[in-house]
Amino acid sequence: MRTIDARSGRAPIVENPMALLSLNNIEVVYDRVFLAVKGVSIEVPEAGLVALLGANGAGKSTILKAISGLLAPERGEVTRGEITFDGADVLALNAPDRVRRGIVHVLEGRRVFGHLTPAENLLAATSMHRDRARVSALMTQMFELFPRLADRANAKAGYLSGGEQQMLAIARALMTQPRLLLLDEPSLGLAPFLVDEIFDIVRKINAETEVAVLLVEQNAAAALEIAHSAYLVENGRIVMNGTAEVLRANPDIDAAYLGGGYRTDYHAIKHYRRRRRWLA
Ligand code: ATP
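Parameters and conventions
Residues numbered from 1 in each chain as written. Predicted model: local features only at pLDDT ≥ 70, side-chain atom pairs only at ≥ 80, totals over all residues. Heavy atoms only, no water. Helix = DSSP H or I, 4+ residues; strand = E, 2+ residues; numbered from the N terminus. Buried < 20%, exposed > 50% of the residue type's maximum accessible area, 1.4 Å probe, protein only. Contact = heavy atoms within 4.5 Å. Areas by Shrake-Rupley, 256 points an atom, 1.4 Å probe, with all protein chains shown as cover. Near = heavy atom within 4 Å. Nonpolar A, V, L, I, M, F, W, Y, C, P; charged D, E, K, R; others polar. Core = buried A, V, L, I, M, F, W, Y, C linked by side-chain atoms within 4.5 Å. Axes fitted to C-alpha atoms, helices over the stretch in contact; angles between N-to-C directions. Parallel < 35°, antiparallel > 145°, perpendicular 65-115°, else oblique. Left-handed = near helix turned anticlockwise from the far one by under 90°. Pairing = 2+ DSSP bridges.

### Points about the overall build of the protein
In step 1: When you go through the protein residue by residue, the secondary structure sums to eleven helices and ten strands.
In step 2: For the protein, with 280 residues in total, the buried portion stands at 51%.
In step 3: At a minimum sequence separation of 6, the contacts of the protein that also span at least 24 residues come to 66%.
In step 4: Of the accessible surface of the protein, which amounts to about 13,700 Å², a share of 51% is contributed by carbon and sulfur atoms.

As structure tokens, then:
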């Protein structure tokens, strides 16, 4: 079923009542003037693994903050559209309430508590679980998922490597037992073998625990290896979406984001650039 949005007068691109997360035509404004996200519609199905791709400044992190409720501290605001999670409108909820509903956000830049050990970092995320047995079972599960963290259990997190800190940030988010994990650029600044390791773990978490994942990445090649489907963001708009397989095979994506294909086919590139300008 497709309906017309009363405020924008446009039909939403996607509308699936079965989706776990649904963004319908959202707009985000910073400082009341700067329009960073323009009419974005995205769906993440139950247990889905969806990638949000795009260059620097395209609006990917802003979209994640709109979902987790972290725009307010940055003077950002969703000024149009709806965000529903598990069938309920979450826009009116504050960030902690969205975590209670099952939405957890791992911010870009591995923000761990540097003076605490990995175990203490994990414990810090568990205030909502009073049940000690459950907390201890969850911690065991995290150390099984991330054996590197178990090896460094007594080190201060500030002394862990970049990859280990990223793993700890993801593990700490998982301690809240989310239904949706928002991951912002987990590959940033990591060596390729660590990117593979982290992406393998993300795939495993998604497949084994059925936590849905919305993964923001500039490393399109790595993201499309594990994602089921993806959206491409440019200048605050979705310019393309589809299954990972279809996007991998798309010559525009290949030329602009995967570094291959018809880089010398100037006609195709001109056509792509013209379309981008039109959408901007
Ligand atoms: P990156 O990969 O570099 O993180 P991104 O795709 O995540 O990029 P965003 O960080 O969402 O992009 O930024 C989208 C736009 O919004 C950019 O033009 C950016 O300068 C602007 N922006 C982001 N945060 C703020 C803020 N707190 N105040 C004002 N403008 C902002």
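There's more to say after this.
### With respect to the site of the ligand
In step 1: Close contacts around the ligand come from 16 residues, with Asn56, Gly57, Lys60, Ser61 and Thr62 the closest.
In step 2: Here the ligand, which alone exposes 630 Å², has 70% of that area covered by the protein.
In step 3: Every element with two or more residues in the shell around the ligand is listed here: strand 2 (34-44) and helix 1 (60-68).
In step 4: In terms of residues, the shell around the ligand owes the most to one element, helix 1, which gives three residues.
In step 5: When the residues that make up the shell around the ligand are grouped by side-chain class, the tally is five nonpolar, six polar and five charged.

### Describing unusual backbone geometry
In step 1: Unusually for a residue other than glycine, Asp31 sits at a positive phi of about 55 degrees.
In step 2: Although it is not a glycine, Gln177 adopts a positive phi angle of roughly 50 degrees.
In step 3: Relative to the elements of secondary structure, Gln177 occurs in the loop between helix 6 (162-174) and strand 7 (180-184).
In step 4: Gln177 gets classed as partly exposed once you look at its relative accessible area, which sits at 39%.

### Focus: the nonpolar core
In step 1: By size, the foremost hydrophobic cluster in this structure holds 54 residues, and its most contacted members are Met142, Phe146, Ile170 and Leu181.
In step 2: Setting aside its immediate chain neighbours within four residues, Ile170 contacts Val106, Phe146, Leu181, Leu183, Ile198, Val202 and Ile205.
In step 3: Counting 32 residues, the second-largest nonpolar core is a separate cluster that includes Val37, Ile63, Ile67 and Leu182.

### So, the packing of helix 6 against helix 7 (residues 192-209)
Relative placement of two packed helices is described by the angle separating their axes and the distance separating the axes.
In step 1: It is at 10 Å that the axes of helix 6 and helix 7 come closest, and there the two elements cross at 15 degrees. Taken together, helix 6 and helix 7 sit at an angle that is classed as roughly parallel. Here helix 6 runs over helix 7; the crossing is right-handed. Contact residues: Gly163, Gln166, Met167, Ile170 and Leu174 in helix 6; Leu194, Glu197, Ile198, Ile201, Val202 and Ile205 in helix 7.

### Observations regarding the pairing of strand 4 (residues 76-85)
In step 1: Where strand 1 (residues 21-30) and strand 4 come together, eight bridges link them in antiparallel fashion. The partner of Leu23 across the bridge, within strand 4, is Ile83.
In step 2: Where strand 4 hands over to strand 5 (residues 88-89), the hairpin turn is made up of two residues, of which Asp86 adopts a positive phi near 55 degrees.

### Observations regarding the environment of Met240
In step 1: Structurally, Met240 is set in strand 10 (residues 237-243).
In step 2: Given the relative accessible area of 11%, Met240 is considered buried.
In step 3: Sequence separation between Met240 and Ile253 is 13 residues; the distance between their C-alpha atoms is 9.2 Å.

### Here we look at the side chain of Gln166
In step 1: Of note, Gln166 is situated in helix 6.
In step 2: With a relative accessible area of 1%, Gln166 lands in the buried category.
In step 3: Discounting chain neighbours no more than four positions away, the residues touching Gln166 are Val106, Arg110, Glu185, Pro186 and Ile198.

### Thoughts on the pairing of strand 9 (residues 229-234)
In step 1: Most of strand 9 sits out of view: five of its six residues are buried.
In step 2: Bridge count between strand 3 (residues 49-53) and strand 9: four bridges; the pairing is parallel. Across the sheet, Ala51 pairs through a bridge with Ala230, a residue of strand 9.
In step 3: Alignment of strand 9 against strand 10, held across six bridges, turns out to be antiparallel. Looking at strand 10, one finds that Leu232 is bridged to Met240.
In step 4: Counted between consecutive antiparallel strands, the loop separating strand 9 from strand 10 contains two residues, among which Asn235 sits at a positive phi close to 50 degrees.

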